[in-house]
Amino acid sequence: MNAELHQTLGDELHAALCGRQAIEPLSARHPEITIADAYAIQQRMLARRLEAGECVVGKKIGVTSRAVMDMLGVFQPDFGWLTDGMVFNEGEAVSASSLIQPKAEGEIAFLLKKTLQGPGVTAADVLAATEGVMACFEIVDSRISDWKIKIQDTVADNASCGVFVLGDRLVDPRDVDLGTCGMVLEKNGEIVATGAGSAALGHPANAVAWLANTLGAHGIALEAGEVVLSGSLAAMVPVKAGDNLRVSIGGIGGCSVRFI
């Protein structure tokens, strides 16, 4: 693909985001698309958001759990960008009509106190650079029709990020075993998903290290003060208006969100 097509497709995805109208898969219309193309398209989509006044507050890692890989037929992690326009507070209502086809993921979020930049970042480096961890929801949302995505589609679409919700408790990562901590996700009072920290590439800090090293190859850092969503700990859960969700993670705390 050339730069002009990257820009055109990034603009198309941004229009889909703003208009809340899904588009046909890029991979179906452009079989030649590579993952490198997809990240260039993602950059254009992000640039449009920044031009509109949003600012970057962190990054997200996607497709880290086997459950999500199997659900989407995607078998490698990816990353996207978090902006201040995606942030919701603990317990705050999210308008279902502001999204297209949302699904909820329970995750562990890292708040960084030191900048991390690969290559060579380890899980131990990640823990040393972390101010604290929180339970969180990522509400993923695809601008691609019916979630018919290949890895190139989700990458181009900012790793299918919609909005995210952070819990109100920050915990020192040295005070909890992030690899074995259990997660329970409830929807309207019923348990709909369970998982553990190990679902995110064996350990959430491994996922953050992967991201630091992957971005480092492009000269990009995980900056001090940023939030990093380390990946879903279980399968995605579809949500709609009227749903109330809560995620609880052992040793870390909980997070809740409701849809109206």
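Residues numbered from 1 in each chain as written. Predicted model: local features only at pLDDT ≥ 70, side-chain atom pairs only at ≥ 80, totals over all residues. Heavy atoms only, no water.

The name an unreviewed UniProt entry assigns to the protein is 2-hydroxypent-2,4-dienoate hydratase, from the organism Comamonas testosteroni.

Quick word on the layout of surface pockets
Of the voids in this model, the largest pocket is the one considered here, and its volume is about 270 Å³. Along the wall of the largest pocket there are 17 residues; nearest its centre are L17, R20, R49, S98 and L99. The element contributing the most residues to the lining of the largest pocket is helix α1 (residues 3–19), with three residues. When its residues are assigned to classes, the lining of the largest pocket shows eight nonpolar, four polar and five charged. (1 Å grid on protein atoms, 1.4 Å probe; cavity = no way out; pocket = protein on both sides within 12 Å on 5 of 7 lines; lining within 4 Å. Points joined across faces, edges and corners; volume = space filled by probe spheres on them. Helix = DSSP H or I, 4+ residues; strand = E, 2+ residues; numbered from the N terminus. Nonpolar A, V, L, I, M, F, W, Y, C, P; charged D, E, K, R; others polar.)

What about the pairing of strand β8 (residues 182–187)?
Judged by which residues are buried, β8 turns out to be one-sided: M183, L185 and K187 face inward and are buried, whereas G182, V184 and E186, on the alternate face, are not. Pairing of β8 with strand β9 (residues 190–196), which is carried by six bridges, proceeds in the antiparallel orientation. Following the sheet pairing, G182 is matched in β9 by A196. The antiparallel hairpin formed by β8 and β9 contains two residues in its connecting segment, where N188 sits at a positive phi of about 55°. The pairing of β8 with strand β12 (residues 244–249) spans five bridges and is classified as antiparallel. Within the sheet, the bridge partner assigned to L185 lies in β12 and is V247. (Buried < 20%, exposed > 50% of the residue type's maximum accessible area, 1.4 Å probe, protein only. Pairing = 2+ DSSP bridges.)

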